[in-house]
Amino acid sequence: IKMALPKVDIDQPKFDQSTYCGRAKHFFLLTSPLNLLTTSSGLDRAKDIVEKYRAGKPVPECKTIDDVWRAKYLYDSAFHPETGEKQIIIGRMAAQMPMNTLMMAGMLISYQSTREVVFWQWLNQTFNATVNYTNRSGKSPITRPQLLTSYVLATSGALGTAFSLNRMVKNMNPIFGRLVPFVAAGAANCINIPCMRMHELRDGIVLLDEKNNEVGVSRKAACIGIASVVFSRIAMAVPAMAVIPLLMDHLDKRGFLKKYPHSNAPIQIMACAGILTFTTPMGCAFFSQRAPIKVNSLETEVRDSIRKARPELDTVWYNKGL
């Protein structure tokens, strides 16, 4: 006789999100590059399993609750948590490691040529704009003019930063030149993410109660959420973009790169891939994706509106994006 699956709330992460360790475990599953190997039909099957389990229907595809969790993490890795739409593959957080390995390797290897620096920063910020749009918070659509304006502001700001820094360090110690990509990428994130999500800053993001019922919209929550994402993205980049240049500078001074000139690119690419495999989920884990905020700390009009409609609410939640 087939035993019924136990009933758990799969709309909450599998691991305790009140601790950093629990959030890290959650994001290691969510951002795993192995999720990208699942076909579109496989993702649709995972979605079907999740929807049937939520509805309390039989799920013959799953023998244990672990099978349901595997389907749920596949589903979460590819579908937007609020809109439910299937995300473009390079915009998914599971694509962060392979795509950022390519981008960082290109920026680190090509740091001496202004033309190449500009090209790789443009390509990187175009990719980042795609990721930031894909992982935005909220259901409100972004019009094409808004999207184009955001993209132009984000990429031009990033390019200007990279170009200026590259000129500044030309006559400095070579180690400063190697660090330009990190500083430029970090500064560009501070421009790119708010630009691509400016409609959230203008219109606010949805606030939810503990049962995911909408209770209001807040611009302050949008500011906090976007600032958290900026911090997380920079934290993801720090080890690869700061440690690898120091490593390569050390190898250069020891004569290793002169003895093995073709090892430059492979070393940096492998180091990027290895570091990003861990820093991507660990950076995401600094903050919960479903972030809490006290009602008393919201804008006056939003706070008063919630107090009037739901006086028992002390805390509300919002999707900060990734």
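Keep in mind it's a predicted model, so treat the numbers as computed, not measured. (Residues numbered from 1 in each chain as written. Predicted model: local features only at pLDDT ≥ 70, side-chain atom pairs only at ≥ 80, totals over all residues. Heavy atoms only, no water.)

Peer 1: Looking at this structure, I do not really get empty space enclosed by the protein. What am I missing?
Peer 2: Tallying each qualifying case throughout the model produces one cavity of 30 Å³ or more. Roughly 150 Å³ of volume is contained in the largest cavity. Along its surface, the largest cavity is lined by 12 residues, and Asn100, Met104, Asn189, Arg233 and Ala237 are the ones closest to its centre. At the level of elements, helix 4 (96-109), helix 5 (114-134), helix 7 (174-196) and helix 9 (219-253) are the ones that each hand at least two residues to the lining of the largest cavity. (1 Å grid on protein atoms, 1.4 Å probe; cavity = no way out; pocket = protein on both sides within 12 Å on 5 of 7 lines; lining within 4 Å. Points joined across faces, edges and corners; volume = space filled by probe spheres on them. Helix = DSSP H or I, 4+ residues; strand = E, 2+ residues; numbered from the N terminus.)

Peer 1: Just to check I follow, could you spell out the layout of surface pockets for this structure?
Peer 2: Taking a probe equal in size to a water molecule and rolling it over the atoms shows the remaining empty space. In this structure, the largest pocket encloses a volume near 1000 Å³. In this structure, the largest pocket is lined by 35 residues; those nearest its centre are Asp11, Pro81, Asn212, Arg290 and Asn319. Counting only elements with at least two residues in the lining of the largest pocket, the list comes to helix 1 (20-30), helix 3 (65-78), strand 1 (205-208), strand 3 (290-294) and strand 4 (315-319). Ranked by residue count, the leading element in the lining of the largest pocket is helix 3, at four residues. When the residues that make up the lining of the largest pocket are grouped by side-chain class, the tally is 12 nonpolar, 14 polar and nine charged. (Nonpolar A, V, L, I, M, F, W, Y, C, P; charged D, E, K, R; others polar.)

Peer 1: Just to check I follow, could you spell out the UniProt feature "transmembrane region" (unreviewed entry) in the protein for this structure?
Peer 2: Per the UniProt entry, the sites bearing "transmembrane region" (unreviewed entry) are residues 148-169, 175-195, 221-247 and 267-287 in this numbering. For residues 221-247, the helix share is 100%, the strand share is 0%, and the end-to-end C-alpha distance is 39 Å. (UniProt positions renumbered as here; feature names shortened; annotations may be inferred.)

Peer 1: Can you help me understand the pattern of salt bridges in this one?
Peer 2: Where side chains of opposite charge bring their charged atoms close, a pairing between them can arise. Scanning all chains against the criterion turns up 15 salt bridges. Residue Arg197 is joined to Glu200 by a salt bridge in which the shortest nitrogen-to-oxygen separation is 2.9 Å. Note that Glu312 and Arg310 form a salt bridge whose closest N and O atoms lie 2.7 Å from each other. For Arg310, a relative accessible area of 23% puts it in the partly exposed group. Each member of the salt-bridge network shares a partner with another, and the members are Asp48, Lys52 and Glu61. (Salt bridge = Lys/Arg side-chain N within 4 Å of Asp/Glu carboxyl O. Buried < 20%, exposed > 50% of the residue type's maximum accessible area, 1.4 Å probe, protein only.)

Peer 1: Honestly, the packing of helix 1 against helix 11 (residues 264-284) in this entry has me stumped. Any pointers?
Peer 2: Packing of helix 1 against helix 11 brings their axes to within 8 Å, and their N-to-C directions diverge by 125°. The angle between the axes of helix 1 and helix 11 places the two elements in the oblique class. Handedness of the crossing formed by helix 1 with helix 11: right-handed. For the pair helix 1 and helix 11, the contacting residues are Tyr20, Ala24, Phe27 and Phe28 in the first and Thr277, Phe278, Pro281, Met282 and Cys284 in the second. Broken down by class, the residue content of the contact of helix 1 with helix 11 amounts to eight nonpolar, one polar and no charged. (Axes fitted to C-alpha atoms, helices over the stretch in contact; angles between N-to-C directions. Parallel < 35°, antiparallel > 145°, perpendicular 65-115°, else oblique. Left-handed = near helix turned anticlockwise from the far one by under 90°. Contact = heavy atoms within 4.5 Å.)

Peer 1: Sorry, what's going on with the packing of aromatic side chains here?
Peer 2: Both the distance between ring centres and the angle between the ring planes are used here to describe each pair of aromatic rings. Going through the model one piece at a time under the given rule, you end up with nine aromatic pairs. Measuring from ring centre to ring centre gives 6.2 Å for Phe28 and Phe278, while their planes differ by 70°; the resulting arrangement is edge-to-face. Linking Phe28 in helix 1 with Phe278 in helix 11, this pair joins segments that are 250 residues apart in sequence. For Phe28, a relative accessible area of 33% corresponds to the partly exposed category. Using a relative accessible area of 48% as the deciding quantity, one classes Phe278 as partly exposed. Relative to Phe286, the ring of Phe231 has its centre 5.6 Å away and its plane inclined at 75°; by these criteria the two rings are edge-to-face. With a gap of 55 residues between them, Phe231 in helix 9 and Phe286 in the loop between helix 11 and strand 3 connect regions that are remote in the sequence. (Phe/Tyr/Trp six-rings, centres within 6.5 Å; stacked < 30°, edge-to-face > 60°.)

Peer 1: Looking at this model, I keep getting lost on the packing of helix 1 against helix 3. Mind explaining?
Peer 2: Between two packed helices, both the angle of their axes relative to each other and the distance between the axes serve to describe the pair. At their nearest, the axes of helix 1 and helix 3 sit 9 Å apart, and the two run at 75° to each other. In terms of orientation, helix 1 lies roughly perpendicular with respect to helix 3. On helix 3, the residues that touch His26, Leu29 and Leu30 of helix 1 are Tyr73, Asp76 and Ser77. When the residues that make up the contact of helix 1 with helix 3 are grouped by side-chain class, the tally is three nonpolar, two polar and one charged.

Peer 1: I keep staring at the confidence of the model for the protein and nothing clicks. Help me out?
Peer 2: The predicted coordinates of low-pLDDT regions are not to be read in fine detail. On average, residues of the protein score 83 in pLDDT, and 89% of them reach the 70 mark or higher. Of all the helices and strands in the protein, helix 7 carries the lowest mean pLDDT, 70, while helix 1 carries the highest, 93. (pLDDT = per-residue confidence, 0-100.)

Peer 1: Would you explain the environment of Ala71 in this entry?
Peer 2: Locating Ala71 in the fold gives a position in helix 3. When the C-alpha positions of Ala71 and Asp44 are compared, they lie 9.8 Å apart, and in sequence the two are 27 residues distant. The residues touching Ala71, leaving out its near neighbours within four places in the chain, are Ala46, Ile49 and Val50.

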